[in-house]
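Here is what each chain is made of, one letter per residue.
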Amino acid sequence: MALTLKNDVIFKAVYGREDEDCKEALIGMLNLILDRKTDPIKSVTYRNPFNVRETDSQKEGILDIKAETDRGELLDIEMQFAEDDEIIERNLYYHCGMVTQGLAAGEKYGKLKKTISILLLNFTRSEKSEKFHTRFMLKEPDTGEILTELFQMHYIELPKVNPEGKPVSELSDVEQFLEYLKYAGEPGKEEYVEELKRQGGKEIQMTDTIMHKVTEDELLKEKAIARDKFLHWQASIERQRKRQEAEKAELLQQLEKVEAEKCQLEKMNQHLKVTSLHLETTSSQTSSQLKRAIQSMAAAGMNAAQIAETIGMQEAEVEQYLS
């Protein structure tokens, strides 16, 4: 089974261990993704360092990386393999927790720390934009005024990186790095990954070196494979749930259509009953009028044959009205 950086065990083992090389790789990735050329992150402190022996690969828990920069910024970085309809709400919930944890009891609100969450998604979050990197902050919708820089949520949608299949030489540094994250370890992508390593920056080199060490660790491999199986199973369950929901929605639509048709048929039936009753009444009235007309002609001295010829009826019918 292929072990890739989209596996969150591998991702956290590469970027989240209490190891100087891992820290340097994480700093390189952060500065690249956040475009911190003028104010680069220089050091990080892990708040939840990765420990493979404490990792349960078959639990639904989030294997994110929590860290603090040398400038006191709080970070939460996560690789999300499987599609999640509640990813925004979940991200917001955990981000708000990070905000409250950034202020110690008794501290003034002015000491609130900047919080940044970065979600690397192995699926498309939104079709509204072709951008692979979207950043969200608190702002006034009409004027565009940013309320504060202290709250940032970043989404990196890996499927949107280089959809045209441009050659490596035409990609930006961050695009090359994200393409490496997307394809490193993927069967059939070896040549492309080698090209990314040749032309890419130091961020790819650092990550690649650590990844090789990680994938040679038997315990880590075991945990990563178990996690991969769990994530694929989870994704399969989610697809099945969506399919069932779609089928249920379709059945409900069909039921609503049947109910509407049934209601329409009942209305038509009621209309037919009213029409039938009206026709019966009209027929009875017409028959009485015809009988009086025939009797009047007979009183005037006309016989049945003459009356029948005059009104276009059979003589026998006229005689019934005269009887």
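Residues numbered from 1 in each chain as written. Predicted model: local features only at pLDDT ≥ 70, side-chain atom pairs only at ≥ 80, totals over all residues. Heavy atoms only, no water.

**Q** Before we move on, can you summarise the pattern of salt bridges with the specific residues and values?
**A** Counted under the stated rule, the structure contains 20 salt bridges. One salt bridge connects D39 with R71, and the closest N-O pair in it is separated by 3.0 Å. With a gap of 32 residues between them, D39 in the loop between α2 (20-33) and β1 (44-46) and R71 in the loop between β2 (65-69) and β3 (74-80) connect regions that are remote in the sequence. Notably, a salt bridge pairs K182 with E179, separated by 2.9 Å at the nearest N-O pair. Of this pair, K182 and E179 both sit in helix α4 (residues 173-183), 3 residues apart, which is roughly one turn of the helix. Grouping residues by exposure puts K182 and E179 together as buried. In the salt-bridge network here, residues are joined through shared partners; they are R36, D39, R71 and E73. (Salt bridge = Lys/Arg side-chain N within 4 Å of Asp/Glu carboxyl O. Helix = DSSP H or I, 4+ residues; strand = E, 2+ residues; numbered from the N terminus. Buried < 20%, exposed > 50% of the residue type's maximum accessible area, 1.4 Å probe, protein only.)

**Q** Give me the lowdown on the packing of aromatic side chains, citing residues and values where you can.
**A** The geometry of an aromatic ring pair comes down to the distance between the two centres and the angle between the two planes. Within this structure, the stated rule accounts for 4 aromatic pairs. Consider the rings of F11 and Y15, whose centres lie 5.0 Å apart with planes at 55°: the pair is tilted. Here the residue F11 and the residue Y15 both occupy positions in helix α1 (residues 8-15), the gap between them amounting to 4 residues, near one helical turn. Overall, the relative accessible area of 0% leaves F11 in the buried class. Judged by relative accessible area, which is 0%, Y15 ranks as buried. With a centroid separation of 5.8 Å and 70° between ring planes, the pair formed by F136 and Y155 is classed as edge-to-face. Linking F136 in strand β5 (residues 133-139) with Y155 in strand β6 (residues 146-157), this pair joins segments that are 19 residues apart in sequence. We classify Y155 as buried; its relative accessible area is 2%. (Phe/Tyr/Trp six-rings, centres within 6.5 Å; stacked < 30°, edge-to-face > 60°.)

**Q** Describe the sheet that holds β6, and please don't skip the residues or the numbers.
**A** Pairing between the strands of a sheet is mediated by backbone hydrogen bonds and can be parallel or antiparallel. An order of β1-β2-β3-β4-β6-β5 is seen for the 6 strands of this open sheet, with the pairing classed as mixed. Whereas interior strands pair on both sides, the edge strands pair on one side only; in this sheet they are β1 and β5. When strand polarity is set aside, the average angle formed by the axes of neighbouring strands in this sheet is 25°. Summarising the sheet, strand β4 (residues 115-121) and β6 pair through 7 bridges and their orientation is parallel. In the strand pairing of β6, I118 is matched with H154. Here α2 sits on the sheet in contact with β1, β2, β3, β4, β5 and β6, set at roughly 120° to β1. (Pairing = 2+ DSSP bridges. Axes fitted to C-alpha atoms, helices over the stretch in contact; angles between N-to-C directions. Contact = heavy atoms within 4.5 Å.)

**Q** Can you tell me about the environment of S323, naming the residues and giving the values?
**A** Looking at the element boundaries, S323 is found in the segment after α9 (315-322). For the pair S323 and Q295, spaced 28 residues apart in the sequence, the C-alpha separation amounts to 9.8 Å.

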